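The lines below spell out each chain.
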Number of protein chains: 2
Amino acid sequence: MTSIKDVSRLAGVSIATVSRVVNGSGPVSERAVEKVERAIEMLGYAPNAQAQSLIKKRSGCVGVMVHRLGNNYYAELLNGIEAEIKAAGYHLLVSTSFFSADAERDCLRFLMQRQPDAMIVEPHGLADHEIAELSRRQSPFVVLGRQVDGVNGHCVSFANEQGAYLATRHLIECGHRRIAHLASPTITTSSAPRRAGYRRALEEAGIVYRPDWVVEADFTEEAAYFIVDQALETLLATEPGITALFTTNDNMAAAAMKIMRERDISVPEDISIVGFDDLEIASLLYPGLTTVRQPVLEMGQAAAHAALRAMGAERAPEQQPGQFEPRLIRRGTVKTIQ
Amino acid sequence: MTSIKDVSRLAGVSIATVSRVVNGSGPVSERAVEKVERAIEMLGYAPNAQAQSLIKKRSGCVGVMVHRLGNNYYAELLNGIEAEIKAAGYHLLVSTSFFSADAERDCLRFLMQRQPDAMIVEPHGLADHEIAELSRRQSPFVVLGRQVDGVNGHCVSFANEQGAYLATRHLIECGHRRIAHLASPTITTSSAPRRAGYRRALEEAGIVYRPDWVVEADFTEEAAYFIVDQALETLLATEPGITALFTTNDNMAAAAMKIMRERDISVPEDISIVGFDDLEIASLLYPGLTTVRQPVLEMGQAAAHAALRAMGAERAPEQQPGQFEPRLIRRGTVKTIQ
DNA sequence: ACTTATGGTGGAAACGTTTCCAGTTTTTGG
DNA sequence: CCAAAAACTGGAAACGTTTCCACCATAAGT
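The rules we used
- The residue numbering used here restarts from 1 in each chain and proceeds along that chain's sequence as written.
- The lettering of chains begins at A and the numbering of ligands begins at 1, in the order of writing.
- Under the rules for a predicted model, residues below a pLDDT of 70 receive no local features and side-chain atom pairs below 80 are neither given nor counted, while totals for whole chains, interfaces and linings still include all residues.
- Strand pairing is assigned whenever DSSP identifies at least 2 bridges connecting the two strands.
- Only DSSP runs of H or I covering at least 4 residues are called helices, and only runs of E covering at least 2 are called strands; the numbering of each starts at the N terminus.
- Note on geometry: axes are lines fitted to C-alpha atoms, helical ones only across the stretch in contact, with angles between N-to-C directions running from 0 to 180 degrees.
- By the convention adopted here, residues make contact when the C-beta atoms placed from their backbones lie within 7 Å.
- The criterion for a residue being near a molecule or strand is a backbone-placed C-beta atom within 6 Å of that molecule or strand.
- Amino acid classes used here: Ala, Val, Leu, Ile, Met, Phe, Trp, Tyr, Cys and Pro are nonpolar; Asp, Glu, Lys and Arg are charged; the rest, including Gly, are polar.
- Residues are called buried when their C-beta atom has 20 or more other C-beta atoms within 10 Å, exposed when it has 12 or fewer, and partly exposed otherwise; all C-beta atoms are positioned from the backbone.
- Working note: the arc is built from the helix axis to C-beta atom directions.
- Least-squares fitting of one copy onto the other uses the C-alpha atoms of those residues that reach a pLDDT of at least 70 in both copies.

Asker: Help me understand the sheet that holds strand E9 (residues 272-274) of chain A in this model?
Answerer: Hydrogen bonds between backbone atoms are what pair the strands of a sheet, whose relative direction is either parallel or antiparallel. Residues and elements named next belong to chain A. Here we have 4 strands laid out as an open sheet, ordered E7-E6-E8-E9, and parallel in their pairing. Taken across any chain shown, the strands that pair with only one partner, and hence form the sheet edges, are strand E7 (214-216) and E9. Recorded for the sheet is a direction-independent mean angle of 20° between the axes of neighbouring strands. Two elements, strand E6 (residues 179-183) and strand E8 (residues 244-247), share 4 bridges in a ladder whose sense is parallel. The residue of E8 that forms the bridge with Leu182 is Thr247. Of the strands in this sheet, E6, E7 and E8 are in contact with helix H9 (residues 191-204), which crosses E6 at around 175°. Each of E6, E8 and E9 touches helix H11 (residues 250-262); the most contacted strand, E8, lies at about 145° to it.

Asker: Explanation requested: the protein's contact with DNA strand C in the structure shown.
Answerer: By nearness alone, 30 residues border DNA strand C, and A:Ile4, A:Ser19, A:Asn48, A:Ala51 and B:Ser14 come closest of all. Counting residues per element, the ones that place at least two in the surface near DNA strand C are helix H2 (15-23) and helix H4 (49-55) of chain A together with helix H2 (15-23), helix H3 (30-43) and helix H4 (49-55) of chain B. When residues in the surface near DNA strand C are grouped by element, the largest group, 6 residues, is from H2(A). Considering only residue class, the surface near DNA strand C consists of 17 nonpolar, 10 polar and 3 charged.

Asker: Sorry if this is basic, but what is going on with the interface of chain B and chain A here?
Answerer: One widely used convention gives an interface's size as the accessible area the parts lose upon coming together. Counting residues at the interface gives 43 residues for chain B, matched by 41 residues for chain A. Counting only elements with at least two residues in the side of chain B that touches chain A, the list comes to H4, helix H5 (72-87), strand E2 (91-96), helix H6 (101-113), helix H11 (250-262) and helix H12 (280-284) of chain B. Per-element tally for the side of chain B that touches chain A: the top contributor is H5(B), with 7 residues. Per-class residue counts for the side of chain B that touches chain A are 19 nonpolar, 14 polar and 10 charged. Here strand E2 (residues 91-96) of chain A runs beside E2(B); their pairing, made up of 3 bridges, is antiparallel.

Asker: Sorry, what's going on with H2(B) here?
Answerer: Given 3.6 residues to a turn, an α-helix orients residues that are three or four positions apart in the same direction. All names here are of chain B. Those residues of H2 that fall on the buried side of the exposure criterion are Thr17, Val18 and Val21. Burial along H2 is one-sided: seen end-on, the buried residues are contained in an arc of 100°. What points out from H2, more than 90 degrees from its buried face, is the exposed set Ala16 and Asn23. On its buried face, H2 is in contact with helix H1 (4-11) and H3. Phi turns positive one or two residues past the end of H2, at Gly24, with a value near 65°.

Asker: Honestly, the relation of the copies chain B and chain A in this entry has me stumped. Any pointers?
Answerer: For the pair of chain copies, the relating operation is a rotation around an axis with a shift along it. Between chain B and chain A, the superposition needs a rotation of 180° and an axial shift of 0.0 Å, giving an RMSD of 0.1 Å. Both copies of the chain, as the preceding transformation shows, are related through a two-fold rotation axis. A high fraction, 95%, of the interface residues of chain B reappear at the interface in chain A, so the copies pair face to face through one surface.

Asker: Would you mind showing me how to read the protein's contact with DNA strand D here?
Answerer: In the vicinity of DNA strand D there are 30 residues, among which A:Ser14, A:Pro27, B:Ile4, B:Ser19 and B:Asn48 approach most closely. The set of elements that each furnish at least two residues to the surface near DNA strand D consists of H2, helix H3 (30-43) and H4 of chain A together with H2 and H4 of chain B. Looking at the surface near DNA strand D, the element that brings in the most residues is H2(B), giving 6 residues. Each residue belonging to the surface near DNA strand D can be placed in one class, and the counts come to 17 nonpolar, 10 polar and 3 charged.

Asker: Just to check I follow, could you spell out the sheet that holds strand E9 (residues 272-274) of chain B for this structure?
Answerer: All names here are of chain B. One open sheet accounts for 4 strands, arranged E7-E6-E8-E9; its pairing is parallel. Both outer strands of the open sheet, strand E7 (214-216) and E9, are each paired with one neighbouring strand and no more. For this sheet, the mean angle separating the axes of adjacent strands, direction not counted, is 20°. Here strand E8 (residues 244-247) runs beside E9; their pairing, made up of 3 bridges, is parallel. The partner of Phe246 across the bridge, within E9, is Val274.

Asker: Sorry, what's going on with unusual backbone geometry here?
Answerer: Most peptide bonds take the trans form, and the phi angle of most residues other than glycine is negative. Residue B:Pro268 follows B:Val267 across a cis peptide bond; omega there is 5°. Relative to the helices and strands, B:Pro268 resides in the loop between H11 and E9. For the peptide bond that leads from B:Tyr286 to B:Pro287, omega is -5°, which places it in the cis range. Looking at the secondary structure, you find B:Pro287 in the loop between H12 and strand E10 (291-293). Of note in this structure, A:Asp278 is not a glycine but carries a positive phi near 60°.

Have a look at this one:
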């Protein structure tokens, strides 16, 4: 790697002068500019970003922690984040933390050691107080997916409980009373509120909540297929059987629809389904998936905006809401019965 | 931010000693270890990764350039890359370069300035010679998606021409002769070979190639929907109409299926469809999408392995093939006619 | 008791930059 | 033509580390 020293030597000027022409700071004679530029060209010199950020106090990077990359939900989220961050001239340092508090701690430590100018994290395993403490170490700090008290920064979240409530209430309004719930693992932040929303809608309608009708499946689709398959096995065996299913996300709903098809159970004729998220797949499936819209892209953008604003970026847009609200999207997987 | 100096001061030892206990290098007395550890604990000290990699010659990061994040194809690819890279103790520095040579140059420059220990890039706009030249600046350098001559590193690619040939031949074998092709923009590396494979199958069967039957659509799904809609408008209007469609990827196929449904064109009764990639969505759609399997996850892993091997990582697996081969996956979107 | 290993320690150079300061040259205005 | 201002330049410190080297003890072998 060629350094600034090589350039200064070749150009016959001092290091300071090279630095000035590279950064356009301070006055430099035309003659010197020319010599330096020629030397840079010849050597293919590019400044070492590590050395730069060591002395300036900014790295030009935003650290991002999410669970996985290989998932349409996170793809969408990252898309929202990246577009905004990049437009403001920053770049992304991404790391994943599969579902475990330890992995999250490791991930965060790694990211923070690189001195990012801001952090955007989506914690699941970490407790609130730990997140709050961490947020004090890194100034712009935005947490995605939940509101945590005492955090030194911004939180961008979604009204999961209300979303699940809307989904379940919709099924109830369509005459369903035997409604199962395909839930995500309890470590997921959205898991508990979605279960709660489901339960609230049930109880509000005077329907008794049956714990054996909420079954847990993994978030990953590959695993989901088998687990959903197994879960449905049990669910479909009960007498009288369920007439509707509320799944904790669209991917699970898609897997459930496939499994039902394989078992000659018609959706929505035999069983109605409501998903969650309204990812692109929801509109591509047949029948179109009735679901609860979570504006994932916008949430990513909001997180990025919050970070940019806190960094004092020029292009920092106005304050966004901290919590996003759900909206029911009716398509073709719910049938009105009786 | 607390530095090693703060720790050394608090512990009452020299900077060198602190460094030794942090890294477990060199001999340190038990007493000193204890004092230093207590000081680290109290201050919450973590070494500055930038300073570290400035003097050691490694950063622990692998730079990755892909086009977009918000796409199931890239999500899968990144998943493959990240899992392997992370397992070897490295982390990802990700940046996207929307389809333009300039954006790719910028992206690469940014990434390389951070002195990654290796680079994994998926170029589209850049010419071969430029990539080859770039590869000489950064030692472990792996290029994804195409084989480029003279590159100083490894290439992981897919036999796109053959894949498109298989897809088209399958349609021909099922009796189709009026087959259209929904293609990706020409800047995409996979675009030309897939068009060529489509054409080869046609000509091999003595079917005349009609340029007006290959229409171009954007890679992004949102745009795809409208463009596919428009493209199909023209395609479906021709007399005698097409009986089959080969799309350049599964997302486009999914969009096409949706559009056909909206127009009361039955798949595969009225029109057969073959996709490309075999992403998860292919098996989730109804009817299941017949497609050409591209092992995206494995390709990501292969790229990561190549990088790790070149970095001399302990956990570097054996040599992977440079080019992956296609395989036709038959599901339900192709009907045998006549 | 005298050399020789050994364990422990701190000083200082180095990594590649930016930036302050002081110095030198050039320009400007009278 | 002279002083003052402005333009330009290079030296050196600083950023937070690691690591080489030298030093001092203490312990071990003759």
